[in-house]
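Single-letter residue listing:
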Amino acid sequence: MINGKSLVAGEWLGSADSFQNAPAIGSPDTFSKGTPQMIDQACQAAEEAFLTFGYSKASERAAFLRAVADEIDALGDAITEVGVKETGLPEPRLQGERGRTVGQLRLFADHIEGGDYLDRRHDVALPNRAPLPRPDIRMMQRPVGPVGIFGASNFPLAFSSAGGDTAAALAAGCPVVVKGHPAHPGVSDLISQAFDAAIKKTGVHPGVFSQIQDGGIPVGEALVKHPLIRAIGFTGSLKAGRALYDMCAARPDPIPFFGELGSTNPMFVMPAALANRGEAIAQGWAGSLTMGAGQFCTNPGIAVVVDGPNVAPFVAAASAALKDVAAQTMLTDGIAAAYRSGCEAVQNAGSIETLVATEADGRNAMPHLHATTADAWMADSKLQDEVFGPLGIVVKAKDLAQARELATSLHGQLTCTLHLDDADADDAQTLMPVLERKAGRVLANGFPTGVEVSEAMVHGGPYPASTNFGATSVGTLSIRRFLRPVCYQNMPDALLPSELKG
Ligand code: NAP
């Protein structure tokens, strides 16, 4: 089933070098390494494809997105089988993620057919206006051109080859060149096969989708620096994301870098909620924290509480729930090693009380729970860093004023959560203006993992949650990242885009 090559504008290309995946289960498969030459070939083809795809009707692109979704569905069981082997994620999780991926493609198809994404505006000409007449001015959003996308390790489907970035770029009218993630090349290969089939069935230009398998840093660099690439979509670590962001800015013609770089997603457990249902909140937190071995960018790593007699039962309930969680396989050996060193850094920080810390070996992770004071947390940047995995810290503030001070000190976040009861409403109100400035999504009485793909969703936030605070990488608004406004002044009808005519 696995082809083992890169799909470059309709051709399956191999190279002299190969690499093997590192499956959690079973024996490895061999893949031809991607090369910078393949990137160049894919970008040239994407630019050629843009001349038709970038001017296609929304209904044509919608048909293509739906055809890709159908082809992914047709390969469903094979994708799950390879995905379980490569990532160690459980079968139901991968089935769910496939549903989210095809649902996203179909939602974006429906959305562009509605036409609102174009944000059309028209200032009618005022030829008799004094002292100067006003010309006819029309505006709409146009696709930016070929987009480079980095597949993410933690969502082999929904944030990778056919994931949110790809779906958004294609919906906008932008051909894509994907650099596959080395953690799941087999899944990427099958997704390329689905695109290949959909391209053949719908007759779109084969340059609309290419996927180059991993070939190390030079391949990613070639994509980011390619002169025909107009924007980059990325989900991953702060370190890699920042390096690629700087690379985009250092180009002779800088391009936007839409990076989603992670977050600690603090929860503020307000006093009445803590008193009335602290144990239930703690149990829910433990579930959210350990879901998928904590490998979610929305993992709620910090619970802020006001110190007092209700904190001990909250901590005891979280500890008990976390002690019941068995070892879970992480996505790669590297991610498991990074989790262990993150745990060590927290444990070795001053003023930390370790509550749960079972060691795990190899690619496994066990939950960690620690507690500290708000003073200590605010003073130590190591405690503020994201630890990618099931690690939680209870941060005890002296009072609500200090909880607010802590909120003010936060870096940009994907999410902030308030757990509150009616009696907390006034206190929570004082936190809202702070939290709104820190996060792309503010939640009440819930947990941030499980991001809905919908019209109103925002998955972004101020740096370092994302590199563009005005954008989201989930939901239909994510299409906007790959569009730019163009204004047409006094343009004859014949020269206007079809969507602006009349
Ligand atoms: P990563 O280290 O951020 O790497 C992501 C991709 O970027 C890889 O495909 C890598 O290519 C490429 N890359 C990195 N540096 C590059 C450079 N200087 N030039 C060109 N390409 C470059 O992510 P990861 O490998 O998936 O996981 C490592 C850590 O990232 C995790 O432990 C976790 O902390 C974090 N992470 C966070 C999220 C999140 O949602 N916030 C998601 C996934 C991972 P190569 O593989 O070819 O080097």
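### Remarks on the overall build of the chain
- On a plain count of helices and strands, the chain comes out with 15 helices and 21 strands.
- Taking 23 Å as the expected radius of gyration for a compact globule of 502 residues, we find that the chain reaches 24 Å, a close match to that expectation.
- Taking all 502 residues of the chain together, the buried fraction comes to 56%.
- Counting only contacts in the chain whose residues sit at least 6 apart along the sequence, the fraction spanning at least 24 positions is 76%.
- When the accessible surface of the chain is totalled, it reaches about 19,700 Å², and 54% of it is carbon and sulfur.
- Of the side-chain charges in the chain, 39 are positive and 53 negative, and the distance between the mean point of each set is 6 Å.

### Examining the sheet that holds strand E6 (residues 137–143)
- The antiparallel open sheet is built from three strands, whose spatial order is E5-E6-E21. Taken across any chain shown, the strands that pair with only one partner, and hence form the sheet edges, are strand E5 (121–123) and strand E21 (483–489). On average, each strand axis in the sheet is inclined to that of its neighbour by 25 degrees, with strand direction left out of account.

### Some details on the packing of helix H4 (residues 91–114) against helix H5 (residues 164–172)
- The contact between H4 and H5 brings their axes to 10 Å, and the two run at 25 degrees. Our classification of the angle between H4 and H5 gives roughly parallel. The crossing of H4 and H5 is right-handed. Along its contact with H4, which presents Gln104, Leu105, Phe108 and Ile112, the element H5 presents Gly164, Ala167, Ala168 and Ala171.

### Remarks on the pairing of strand E9 (residues 209–212)
- Judged by which residues are buried, E9 turns out to be covered on both faces: Phe209 and Gln211 on one side and Ser210 and Ile212 on the other are all buried.
- Relative to E9, strand E8 (residues 176–179) is paired through four bridges, and the arrangement is parallel. Bridging across to E9, valine 178 finds its partner in glutamine 211.
- One crossover worth recording links E8 to the parallel E9 by way of helix H6 (residues 185–202), and it is right-handed.

### Regarding the site of the ligand
- Around the ligand lies a shell of 23 residues, among which Ser153, Lys179, Asp214, Ser237 and Cys297 are the nearest.
- Here an oxygen atom of the ligand sits 2.7 Å away from a polar atom, N or O, in the side chain of serine 237.
- Glycine 262 places a polar main-chain atom, nitrogen or oxygen, 3.4 Å from a nitrogen atom of the ligand.
- Surface burial for the ligand is 81%, taken as the share of its 880 Å² of free accessible area covered by protein chains.
- When each cavity is represented as a set of grid points, the ligand is found to reside in the largest pocket.
- For the shell around the ligand, the element with the highest residue contribution is helix H8 (residues 238–250), accounting for three residues.
- Its residues assigned to classes, the shell around the ligand comprises eleven nonpolar, eight polar and four charged.
- Per-domain counts for the shell around the ligand show at least three residues from each of domain 1 (6–19 + 29–261 + 466–500) and domain 2 (267–444).

### Focus: the pairing of E8
- Residues Val176 and Val178 of E8 are buried on one face, and the alternating residues Val177 and Lys179, pointing to the opposite face, are buried as well.
- Relative to E8, strand E7 (residues 147–150) is paired through four bridges, and the arrangement is parallel. Within the sheet, the bridge partner assigned to isoleucine 149 lies in E8 and is valine 178.

### A few points about the pattern of salt bridges
- Here the structure, examined in full by the defined rule, presents 20 salt bridges.
- With a shortest N-O distance of 3.2 Å, lysine 200 and aspartate 196 are connected by a salt bridge. Taken together, the residues lysine 200 and aspartate 196, both in helix H6 and four residues apart, mark about one turn of the helix.
- Residue classification places lysine 200 among the exposed positions, given a relative accessible area of 59%.
- Of the charged contacts in the structure, one is a salt bridge between aspartate 375 and lysine 398, with a shortest N-O distance of 3.2 Å. Within this pair, whereas aspartate 375 is found in helix H12 (residues 374–379), its partner lysine 398 is found in the loop between strand E18 (391–397) and helix H14 (400–409), the two being separated by 23 residues in sequence.
- Residue lysine 398 is classed as exposed on the basis of its relative accessible area, which comes to 57%.
- A network of salt bridges, in which partner residues are shared, links Arg66, Asp110 and Glu113.

Reading the values: the criteria
- Residues numbered from 1 in each chain as written.
- Predicted model: local features only at pLDDT ≥ 70, side-chain atom pairs only at ≥ 80, totals over all residues.
- Heavy atoms only, no water.
- Helix = DSSP H or I, 4+ residues; strand = E, 2+ residues; numbered from the N terminus.
- Rg over C-alpha atoms; globule rule 2.2 N^0.38 Å.
- Buried < 20%, exposed > 50% of the residue type's maximum accessible area, 1.4 Å probe, protein only.
- Contact = heavy atoms within 4.5 Å.
- Areas by Shrake-Rupley, 256 points an atom, 1.4 Å probe, with all protein chains shown as cover.
- Lys, Arg positive; Asp, Glu negative; His and termini not counted.
- Charge placed at Lys NZ, Arg CZ, Asp CG, Glu CD.
- Pairing = 2+ DSSP bridges.
- Axes fitted to C-alpha atoms, helices over the stretch in contact; angles between N-to-C directions.
- Parallel < 35°, antiparallel > 145°, perpendicular 65-115°, else oblique.
- Left-handed = near helix turned anticlockwise from the far one by under 90°.
- Right-handed = clockwise from strand over helix to strand, strands pointing away.
- Near = heavy atom within 4 Å.
- Polar contact = N/O pair within 3.5 Å; in protein donor to acceptor, adjacent residues only side chain to side chain.
- 1 Å grid on protein atoms, 1.4 Å probe; cavity = no way out; pocket = protein on both sides within 12 Å on 5 of 7 lines; lining within 4 Å.
- Sits in = over half its atoms within 2 Å of the grid points.
- Nonpolar A, V, L, I, M, F, W, Y, C, P; charged D, E, K, R; others polar.
- Domains from an automatic or database assignment.
- Salt bridge = Lys/Arg side-chain N within 4 Å of Asp/Glu carboxyl O.

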